[in-house]
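# Descriptive analysis of the structure
These are the residues of each chain, in order.
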Amino acid sequence: MKKFVAVCLSVLLLVGCGKTEPGAEEKLEHIKSSGDYPEILIETAEKCPQTIDFVYAYPEKHGKRFDIDLTADARLDTVPLFIQWDERWGYEPYGSGYIGTSGCGPTCLSMAAVYLTKNAEFSPLYVARMAEQYGYCVPGNGSSWTLISEGCAHLGLTAHELPLWEPSMVNALDDGAVLILALGPGDFTSSGHFVVVSGHTSEGFVVNDPNSVENSGRIWSYERLEGQISNLWSLQPQLNAAN
């Protein structure tokens, strides 16, 4: 009997080991054909292949509440990179979609706030709810520019609009500010998008793109960014602001 049980367990293990994770194309086909996914997520998976795993997991994970602990991120001496389609907050509703599809603004402001204030409570979900509360969320368009210029005050920050001039960006960064750029169509988006600029080198600027780990892993020259920038702000902590 023991031998029979051992053989059965071995067969089960072999069958389990034979299972393979579906590839990206198979996952995308399932997303498009299963009827389990909102249209906005299907479009996101088609346009942004890096989001396929996030979208694929939607039926299992949406509606769940994830622990969000940004304590380690708040202790960093560099601006943390938060991705809007992180499962901890990406499935949460925002505007006409989800933080994962429309939450680049809250995610960027979260990165700046966690770094500048060292307050680990200022997650992308926290900022998204603040944006909705104060009217900075624009259904169908994500977030208004006033989320950055005015909404940052609710997080203990102050924002200053900068001219589109490379020295002004460099000087602000050297003064300890974090920059947020509003972008038009180009390398980062086909419509509108927010990104964070966290530093600069002799070759260009360090960009934290909330929608792309790949874009965040390279240096962007001013010449490449200039034509895509619609507006930009420098953010710093408010004087005497309490976290």
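In case you missed it, the structure is sitting above this.
Residues numbered from 1 in each chain as written. Predicted model: local features only at pLDDT ≥ 70, side-chain atom pairs only at ≥ 80, totals over all residues. Heavy atoms only, no water.

## Observations regarding the overall build of the protein chain
Scanning the protein chain from N- to C-terminus turns up 13 helices and ten strands. Structurally, the protein chain occupies a C-alpha span of about 75 × 40 × 35 Å along its principal axes. With 243 residues in all, the protein chain has 46% of them scored as buried. In the protein chain, once contacts between residues fewer than 6 apart in sequence are set aside, the share between residues at least 24 apart is 61%. Averaging the coordinates of the 15 positive side-chain charges in the protein chain and doing the same for the 30 negative ones gives two points 13 Å apart. (Helix = DSSP H or I, 4+ residues; strand = E, 2+ residues; numbered from the N terminus. Buried < 20%, exposed > 50% of the residue type's maximum accessible area, 1.4 Å probe, protein only. Contact = heavy atoms within 4.5 Å. Lys, Arg positive; Asp, Glu negative; His and termini not counted. Charge placed at Lys NZ, Arg CZ, Asp CG, Glu CD.)

## Concerning the pairing of strand E8 (residues 204-208)
By the criterion of burial, E8 is predominantly enclosed, with four of the five residues buried. Across five bridges, the pairing between strand E7 (residues 193-201) and E8 is antiparallel. Among the inter-strand pairings, Val-196 is bridged to a residue of E8, identified as Asn-208. Linkage of E7 to E8, two consecutive antiparallel strands, is achieved through a turn of two residues. Looking at chain direction, E8 and strand E9 (residues 219-220) are connected through two bridges and run antiparallel. Considered in E9, the bridge of Phe-205 is made with Trp-220. (Pairing = 2+ DSSP bridges.)

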